[in-house]
Structures are given as structure tokens and as C-alpha cells.
Amino acid sequence: VCPSHGRAGAAPCRCAEITHVKTPHFQNRPIAAVLFDLDGTVLDTVGDIALALQRAFADRGLPAPAPAEVRQMIGRGAPMLVERADAALGLQLSEPAKAEVLDRFFHHYGRLQETDEVAAEPFPGALECLRALHADGVPLAIVTNKYERFARGLVNRLGFSPYVMLVVGGDTCERRKPDPQPLQWAATQLGAPHAQTLMVGDSINDVKAARAAGMPVVCVPYGYNEGADPRSLPCDAFVETLDQLPALLGL
């Protein structure tokens, strides 16, 4: 049975798309839902983020970090990205100036979708993972610190929407990761107990949020993690690519 069937406010039922249903398990516990981080876990978005940041700084006649540097700065949302870029460039911008750069960043990032300049693409195995879990009837959600409208736009553009029941952005709840609130809210919306909800991410924020929410957490080793080695993350398990996740859950 589709997990969303007959539940008030749920996403449209997709029972016909589910070919068979199994019960996933991890660490000897059933898994009732899976939450995925977006940037660095499901999607490689560094090119778009770097381009929007470059244009935001250029609006003030300032240089911007190179994409390789931006990759090390991603994590905890766009305000932190601007803070880190300012520090890396030694600009020492005033708070009003940083707020203006942030506003221009959001403008340019949104324009990338409007002008069809988006270069973001799924990491290998990501789409296959979502398809497989959905086919086994597992409720799926994206939980990211990216603004919800941007995250939802990418989910729709890149073909994830048939498999993802819920998108939680950094502005969906009062608090964002590493606070557990977005993860707990997503699990509740999916009708899953927190202890039976798996978080999948690439950064210490994802691990901290999952631990605080009482959820197990699996990480990928190729993500951003604010410049630190993702393999150093104190998670419960790693998958080299997301298409290995269904097997890890016994599916």
C-alpha cells in the first residue's frame, strides 16, 4: 500500500507505480521513511552556487571565490556561504553589505532556473536509489538548508518529483540543520516514527541533526562537508554511491 494513500494533506497517491513492497531494515530496526540531504548528497550543485555567488559579488564590483573554493564553503545555508566567502577573500564587508550580497545571491540563483542555466546534476546512482526505494513503498523526503523554492525547483527539474513525497527547505521550519527540527517535522509528515526514519547526508550538519532527532544516519563519501573529509563523519554507515543504499537496507 502506498504510504501516502488516504492520508490528509499527503502528496498524490502513486500506488500504481509501486511494483512490490518490502520492509527495509537498518541496525536491526525497521525503517519507515528515508530523508535525503540535497546538495552534496543527491545533487552536485557547486557549479550553480559558485556562479550565483560570482554574480552577486560582481554586482558590487568585487571578486568572488573560484568554484573549487566554493565547494569547501558549502554547508549551513547561503548566509554562511557569504560569510565564508567574505572571510576567504579578506574583504571584511559590513553586515549591510553582506546582506546585500546575500540578497543578490538569491536573485541570481533563482535566475539560473528562470533562464535555464542550471548545471546541477544528480550524483551517480542517486536517481536509481530513489526509484528503487519508491518501488518498495518507502516514503522519501528531501531535507535541505537550501530555500524550499529552490530545492523544489531542482527536484522537479531533474525528475525526482515522482519519487519524493516531501521537500523541506531551510525556510520551511523555524530552525534548520544541524537542529533536528526539520528532520523531525519531515518524519512526522511522512507518518514515520523518528527512531525508524533514516537520514542520508554528506556533512556534519546531517549527522548532528540525525543524532539530535534520534535517527540513524548513513553518509556518502563524496559530498561537501564544509571542506572536511566526509569519510571522517561519525555516521552509522557509508555507501559509496546512493544506488548501494537499497541493498544496505535489505531491499
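Residues numbered from 1 in each chain as written. Predicted model: local features only at pLDDT ≥ 70, side-chain atom pairs only at ≥ 80, totals over all residues. Heavy atoms only, no water.

**Considering the pattern of salt bridges**
- Following the criterion strictly, the structure yields 17 salt bridges and no others.
- With a closest N to O distance of 2.8 Å, Arg 104 and Asp 59 form a salt bridge. Of the two residues, Arg 104 is situated in helix α4 (residues 95–114) and Asp 59 in the loop between α1 (46–58) and α2 (67–71); the sequence distance between them amounts to 45 residues.
- Of the residues examined, Arg 104 reaches a relative accessible area of 26% and is grouped as partly exposed.
- Between Arg 84 and Glu 226 there is a salt bridge whose closest N-O contact spans 2.3 Å. Here Arg 84 is found in helix α3 (residues 78–89), whereas its partner Glu 226 is found in the loop between β9 (217–219) and β10 (237–238), with 142 residues between them in sequence.
- Within this structure, Asp 37, Lys 177 and Asp 206 form a network of salt bridges that share partners. (Salt bridge = Lys/Arg side-chain N within 4 Å of Asp/Glu carboxyl O. Helix = DSSP H or I, 4+ residues; strand = E, 2+ residues; numbered from the N terminus. Buried < 20%, exposed > 50% of the residue type's maximum accessible area, 1.4 Å probe, protein only.)

**Quick word on helix α5 (residues 126–135)**
- For α5, a buried count of seven out of ten residues is recorded, marking the element as mostly surrounded by other parts of the structure.
- Every buried residue belonging to α5 is among Ala 126, Leu 127, Cys 129, Leu 130, Leu 133, His 134 and Ala 135, and all of these are buried.
- Tucked into the core, α5 has its buried residues touching β3 (33–36), β5 (121–122), β6 (140–143) and α9 (245–248).
- The first or second residue beyond α5 is Gly 137, which carries a positive phi of 80°. (Contact = heavy atoms within 4.5 Å.)

**Structural notes on the nonpolar core**
- Ranked by internal contacts, the top residues of the largest apolar core, which has 59 residues, are Val 34, Phe 36, Phe 105 and Leu 245.
- When contributions to this core are tallied by element, the ones reaching two or more residues are β3, α1, α3, α4, α5, β6, α6 (148–157) and β8 (197–201).
- When neighbours within four sequence positions are excluded, Leu 245 is seen to be in contact with Val 34, Phe 36, Cys 129, Leu 133, Leu 198, Val 200, Val 218 and Val 239.
- Within the second largest apolar cluster, 23 residues are counted, among which are Ala 141, Cys 173, Ala 210 and Met 215. (Core = buried A, V, L, I, M, F, W, Y, C linked by side-chain atoms within 4.5 Å.)

**What about unusual backbone geometry?**
- The omega torsion across Lys 177 and Pro 178 is 15°, close enough to zero to call that bond cis.
- Its location among the elements puts Pro 178 in the loop between β7 (166–168) and α7 (181–189).
- Positive phi is not limited to glycine here, since Asp 116 has a value of about 60°.
- Residue placement: Asp 116 occurs in the loop between α4 and β5.
- When its relative accessible area of 57% is taken as the criterion, Asp 116 is described as exposed.

**Regarding the sheet that holds β6**
- Here six strands make up an open sheet; going across it, the order is β7-β6-β3-β8-β9-β10 and the pairing parallel. The open sheet terminates on both sides in strands that have one partner only, identified here as β7 and β10.
- Here three bridges tie β3 to β6, and the two strands are oriented parallel to one another. For Phe 36, the partnering residue across the bridge sits in β6 and is Ile 142.
- Seen against the sheet, α5 touches β3 and β6 and runs at an angle of roughly 160° to β3.
- Each of β3, β6, β7 and β8 is contacted by α7, which is oriented at about 165° to β7, the strand it contacts most. (Pairing = 2+ DSSP bridges. Axes fitted to C-alpha atoms, helices over the stretch in contact; angles between N-to-C directions.)

**Thoughts on the confidence of the model for the protein chain**
- Chain-level statistics for the protein chain give a pLDDT mean of 90 and a share of 92% at 70 or above.
- In this model residues 1–10 is a low-confidence stretch, pLDDT under 50, and it forms 18 contacts with partners more than four residues away in sequence or in other chains. (pLDDT = per-residue confidence, 0-100.)

**Here we look at the packing of α1 against α4**
- Close contact between α1 and α4 brings their axes to 8 Å; oriented N to C, the two are set at 130°. With respect to each other, α1 and α4 are oriented oblique. Like other packed secondary-structure pairs, α1 and α4 cross with a definite hand, here right-handed. Contacts between α1 and α4 pair Asp 48, Ile 49, Leu 51, Ala 52, Leu 53, Arg 55, Ala 56 and Phe 57 from the former with Val 101, Arg 104, Phe 105, His 108, Tyr 109 and Leu 112 from the latter.
- For the contact of α1 with α4, the class distribution of residues is ten nonpolar, one polar and three charged. (Parallel < 35°, antiparallel > 145°, perpendicular 65-115°, else oblique. Left-handed = near helix turned anticlockwise from the far one by under 90°. Nonpolar A, V, L, I, M, F, W, Y, C, P; charged D, E, K, R; others polar.)

**Considering the packing of aromatic side chains**
- One pass over the structure, following the stated rule, counts seven aromatic pairs.
- Feature note: the residues Phe 105, Phe 106, Tyr 109, Tyr 147 and Phe 150 constitute an aromatic cluster, connected by ring pairs.
- The ring of Phe 150 carries the charged tip of Arg 149 above its face, separated from the ring centre by 4.4 Å. (Phe/Tyr/Trp six-rings, centres within 6.5 Å; stacked < 30°, edge-to-face > 60°. Lys NZ or Arg CZ within 6 Å of the ring centre and 35° of its normal.)

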